[in-house]
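Here is what each chain is made of, one letter per residue.
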Amino acid sequence: MTGTTLAAAPLDTHHRLLAGWYETGTPADLAAHLTRHGPAPLDVYAGQQGRARLIDEVDRSGLRGRGGAGFPTGRKLRAVAQGRRPTVIVNACEGEPVSGKDHALLTLAPHLVIDGAELAAHAVDASEIIVCLHDGDRLGRVLAAAIAERPAGPAPIRLQPVPPRYVASEESALVNLLNTGDARPTSKPPRPDQRGVGGRPTLINNAETLAQLALVARYGADWFRGTGTQDTPGTTLVTVTGAVRKPGVHEVACGTPIGHALRLADAAVDAQAVLVGGIAGAWLPLPFAAQVPLAHRELADTGATLGVGALFVLPAAACGVAETARIVRYLAGESAAQCGPCMFGLPALADDLTQITDGGGGAHLARRLAVVEGRGACRHPDGAVRVARSALHTFATDVRRHRAGHPCIHIGQSHIPLLQGNRSIR
Amino acid sequence: MIGLWYVSRAAGLLALVLLTGTVVLGALTGGRASSAAWPRFAVAALHRNLSLLTITFVAVHVVTAVVDGYAGIAWLDTVLPFVSVYHPFWLGLGAAAFDLLLALVVTSLLRTRISPRLWRAVHWAAYACWPVALLHGFGIGAGDTQSGWGLVVVLACLAAAIGAVLWRVGTSHPDTQARSGVNEKAWSGR
Amino acid sequence: MTEHLRVDRIACRAHGLCAELLPELIELDEWGYPILAAGALPAPLRTEATEAVSVCPTLALRLTTTRTTASQ
């Protein structure tokens, strides 16, 4: 690579995004950010060939999206770069109730995220950058201040408030919001990377993904692959909550066993299970889950998903089936009510789970799970199916006891914080 | 040539009956009416076939009226409302209804090739086409449709269409209820 | 070239005409929405499939063509 000098890489193998925070303990303003990381290397990747090299570098790094789907970022960049005047969207909407990583990252290192957005915009030759954030989020002021601090970049940056609904941050929902003012998902095709905002190709990346991209651009693909696993290289932010003494966000190398993250958060030793990926992720029993690596392939092999790296620890004195009934009822309430199998299927699944905890049958559940899965315009119903199915598996003993006529003693308890409107889901 | 004039009058009344039947079946299709003997695809197919029969008789009605020459109706008068020498208002209504009918049939024949929104918008115009056609028939028919059996037919058409629309408005499917229950404000922003 | 039946899940309003015309490939779930059989459209059913596509009151049913690549 003639004419390119990538910066000397930081030595820490797992404090990359959050580097500096652990030393100073304070969020990085622009000056601190520049001291720590230097400017975004836009000049290293100048011009048409430079853009192609940047995309190659991201491709080689194996960076995968950190917004839940884990799609290879390089491939997304390549697809969008083929179009005319694309738009870049920074997805900073963290609507997931048990995840706080994007908020933490944007509070501590907003400039790393914006660097990533500018580098991505440069790579695809975008005409604008839109940062999407839930309406009323206090981060709005932090981000506006960070954007104002910076000199003009390759594309103008603006903030877009998003209605505080769970599915409003889905990719096609963000595009729909920007095009029509309606924040509900749309049918695919066309996909946003083909036709999105204003009918132009649109790149949508999670805030953490862009921060990782900003590091790849500085230190290179080989450096990035220096930690993590073959199929999920690099580090990832995990949010650990629930039956833990030190809830919070940690950065770990991908492939780190779940147990390590639980120890960092000082999880209760008798916890019975962990919900991995988010509320629409999957339950894994403990102690089995402790040795499962936080990486896409290994988690998929167990029927779970890395999702947004959220880990919710279920205490011993709780019922996983009851918690899952609450989750599915919440997800049902968050349906955009556009597709039959979702708007009728999810409430039915919630009813089935509640029936089980009431000491009844829920006999339709297994069949309904197969019917609801994959039959919506977006993946919202699939998430509900996944978490319900994993509950039947992980809490099989409880399910058997309930079905044998023993109602749940933990009904009425709420462990996962689930707010809908102003009501807490029971 | 005067025989064609009577063919036109008869075809006109028949076309009104067929158009009414088409509208009634359209309302039944939208309202998901069906029975053991009449599955929904059959109701929909009958609606479509009846609409083609309707436009055929409307064409006969229009062509014979012009060719006959009795009333001096020009070809342009059949599509441009209110410019005719013969009963400009009542004939004009007929021209307007004919225009709408042409739009309905053309968009429906091209249904899978045009945008679904355009097709729906034009199809809703059917609820405008029918009353205009009825008024045209009632007004221009004079003695034929304002007394005797002609009036009975016109009133029967009126009753059938009103009944169908009332039924349609009264039915409600869970899908429609679920969608209309959405709080649009909760999803809007820009 | 293989053809596939697809449903626009948002446009579908559970009218159910598609399942009446193409019971070999489409059945309705308990709420009246279509469940499509997996895989490519079998050639002998192509006529019925195009009929089902044109009869859907909301034009939710589509026939899509995908070019088969050498690897398929």
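Above: the structure in question.
Cut-off values and rules
- Residues numbered from 1 in each chain as written.
- Chains lettered and ligands numbered in written order.
- Predicted model: local features only at pLDDT ≥ 70, side-chain atom pairs only at ≥ 80, totals over all residues.
- Heavy atoms only, no water.
- Helix = DSSP H or I, 4+ residues; strand = E, 2+ residues; numbered from the N terminus.
- Buried < 20%, exposed > 50% of the residue type's maximum accessible area, 1.4 Å probe, protein only.
- Contact = heavy atoms within 4.5 Å.
- Areas by Shrake-Rupley, 256 points an atom, 1.4 Å probe, with all protein chains shown as cover.
- Lys, Arg positive; Asp, Glu negative; His and termini not counted.
- Charge placed at Lys NZ, Arg CZ, Asp CG, Glu CD.
- Salt bridge = Lys/Arg side-chain N within 4 Å of Asp/Glu carboxyl O.
- Polar contact = N/O pair within 3.5 Å; in protein donor to acceptor, adjacent residues only side chain to side chain.
- Nonpolar A, V, L, I, M, F, W, Y, C, P; charged D, E, K, R; others polar.
- Pairing = 2+ DSSP bridges.
- Axes fitted to C-alpha atoms, helices over the stretch in contact; angles between N-to-C directions.
- Core = buried A, V, L, I, M, F, W, Y, C linked by side-chain atoms within 4.5 Å.

### Examining the overall build of chain B
Reasoning step 1: Within chain B, the regular secondary structure consists of nine helices and zero strands.
Reasoning step 2: Expressed as a percentage of its 190 residues, the buried residues of chain B come to 38%.
Reasoning step 3: Long-range pairs, those at least 24 residues apart, make up 62% of the contacts in chain B with a sequence separation of at least 6.
Reasoning step 4: Only carbon and sulfur atoms are counted for the fraction: they give 72% of the accessible area of chain B, which is about 10,200 Å².
Reasoning step 5: Distance between charge centroids for chain B: 18 Å, based on 12 positive and 6 negative side chains.

### Things to note about the interface of chain A and chain B
Reasoning step 1: The partner chain B presents 11 residues to the 20 residues of chain A that form the contact.
Reasoning step 2: Run the count over chain A and chain B and you get one salt bridge.
Reasoning step 3: Between R184 of chain A and E184 of chain B there is a salt bridge, with its nearest N and O atoms 3.7 Å apart.
Reasoning step 4: For the interface between chain A and chain B, the tally reads three residue pairs in polar contact (both at pLDDT 80 or more).
Reasoning step 5: Among the elements that take part in the side of chain A that touches chain B, helix α8 (residues 171-180) of chain A stands out by supplying four residues, more than any other.
Reasoning step 6: Classifying every residue of the side of chain A that touches chain B by side-chain character gives 10 nonpolar, six polar and four charged.

### Overview of unusual backbone geometry
All names here are of chain A.
Reasoning step 1: Across the junction of K188 and P189, the peptide omega takes the value 5°, indicating a cis bond.
Reasoning step 2: Locating P189 in the fold gives a position in the loop between α8 and β4 (202-206).
Reasoning step 3: In this structure, the amide linkage connecting P189 to the following residue, P190, adopts the cis form with an omega of 0°.
Reasoning step 4: Residue R85 is not a glycine yet carries a positive backbone phi of 50°.
Reasoning step 5: With respect to the secondary-structure elements, R85 resides in the loop between α4 (73-81) and β1 (87-91).
Reasoning step 6: Residue R85 is classed as partly exposed on the basis of its relative accessible area, which comes to 47%.
Reasoning step 7: In this model, D125 sits at a positive phi of 60°, which is unusual for a non-glycine residue.

### Looking at the sheet that holds strand β2 (residues 128-134) of chain A
All names here are of chain A.
Reasoning step 1: Taken together, four strands build an open sheet; the order of strands is β3-β2-β1-β4 and the sheet is parallel. The open sheet has two free edges, formed respectively by β3 (157-162) and β4, since each of these has just one partner strand. Each adjacent strand pair in this sheet contributes to an overall mean axis angle of 25°, direction not counted.
Reasoning step 2: With five bridges joining them, β1 and β4 adopt parallel strand pairing. Counterpart to V90 in the pairing with β4 is N205.
Reasoning step 3: Across the sheet, helix α7 (residues 139-149) touches β2 and β3, and the angle it forms with β3 is around 170°.

### A word on the nonpolar core
Nonpolar side chains in soluble globular proteins generally cluster together in the buried interior.
Reasoning step 1: Ranked by internal contacts, the top residues of the largest apolar core, which has 70 residues, are I279, W283, I327, L331 and I416 of chain A together with L5 and L61 of chain C.
Reasoning step 2: In terms of residue count, helix α13 (residues 320-333) of chain A provides more of this core than any other element does, eight residues in total.
Reasoning step 3: Counting 46 residues, the second largest nonpolar core, distinct from the first, contains A40, Y45, L105 and L112 of chain A.

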